[in-house]
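Overview (structure and organization)
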Amino acid sequence: MKRPKVQVDLRPYFKDEARGHQRKTMIVLHETVSHDRPGMSDITAPAAFLDATGLEIHGIIDLEGNSGWCYDRTAIYDHTASGACGVNSKSIGFEQVSDIPMLPTNKERIDAWRPTGPRRKELNKVAEWCAWLSQAENIPLVYSDGDEPGITSHWSVSQTCLDGDGHWDCKPKHLGG
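This text gives an overview of the structure that appears in the document. (Residues numbered from 1 in each chain as written. Predicted model: local features only at pLDDT ≥ 70, side-chain atom pairs only at ≥ 80, totals over all residues. Heavy atoms only, no water.)

A few words on the overall build of the chain. The helix and strand inventory of the chain stands at six helices and six strands. Mapped from its N terminus to its C terminus, the chain presents α and β elements in the order β-α-β-α-β-β-α-β-α-α-β-α. Projected onto its principal axes, the C-alpha positions of the chain cover 40 × 35 × 35 Å. Expressed as a percentage of its 177 residues, the buried residues of the chain come to 46%. (Helix = DSSP H or I, 4+ residues; strand = E, 2+ residues; numbered from the N terminus. Buried < 20%, exposed > 50% of the residue type's maximum accessible area, 1.4 Å probe, protein only.)

Another aspect to go through is the environment of Met-1. Looking at where Met-1 falls in the secondary structure, it is placed in the segment before strand 1 (8–9). Residue classification places Met-1 among the exposed positions, given a relative accessible area of 62%. The spatial distance from the C-alpha of Met-1 to the C-alpha of Gln-135 is 7.8 Å, given a sequence separation of 134 residues. Beyond its immediate stretch of four places on either side in the chain, Met-1 contacts Ala-131, Trp-132 and Gln-135. (Contact = heavy atoms within 4.5 Å.)

Here we take up helix 6 (residues 154–161). Burial analysis of helix 6 places six of its eight residues in the buried class, the great majority of the element. Taken together, the buried positions of helix 6 are His-154, Trp-155, Ser-156, Val-157, Ser-158 and Cys-161. Residues of helix 6 that are buried sit in contact with strand 2 (26–33), helix 3 (87–90) and strand 6 (150–153). Backbone geometry just after helix 6 places Asp-163 at a positive phi near 50 degrees.

This part takes up the packing of aromatic side chains. Scanning all chains against the criterion turns up seven aromatic pairs. For the pair Trp-69 and Trp-129, a centre-to-centre distance of 4.5 Å together with 35 degrees between the ring planes defines the contact as tilted. Remark: Trp-129 occurs in helix 5 (residues 120–137) and Trp-69 occurs in strand 4 (residues 67–69); sequence separation between them is 60 residues. Note on accessibility: Trp-69 and Trp-129 belong to one class, buried. Ring geometry for Phe-94 against Trp-129: centres 5.4 Å apart, planes inclined by 45 degrees, an arrangement best described as tilted. Of this pair, Phe-94 sits in strand 5 (residues 91–98) while Trp-129 is found in helix 5, placing the two residues 35 residues apart along the sequence. (Phe/Tyr/Trp six-rings, centres within 6.5 Å; stacked < 30°, edge-to-face > 60°.)

Here it is, written out as structure tokens:
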């Protein structure tokens, strides 16, 4: 399986900021609030913001299915507050760019993520990255609570590793999100 196509190289944003390198066992999905602008600004603007605040991420995916990638899947980047769980060391982080948290009703937020909704290209691209990383890093394609190998969300990591004190983004549907 080939790595998904990359439209934005994230290396200039996070150059020499890795805290080391380690084999990964987990993928952490995040949600970055943005206005879903056409083009690459929904990737470059969050990358610049993260860089300016001392944070990093392995990948960023926008509404159109464009990808930003750091080209170093073993890099230890600061993308998930996780306390003693050490999630940053063992995970690859992906920001999913969306305006969904700004939508006025919960129904609209749920509808926006439906497989037939406007985020189809973005969801497909997230799935492509997860499939490729599963093969490349032997990451299981199963839900993780943030402590075990698999795919998890920043919300799940906060629940498992920080007693619920932390992020709300990407709360899994099967857990009430």
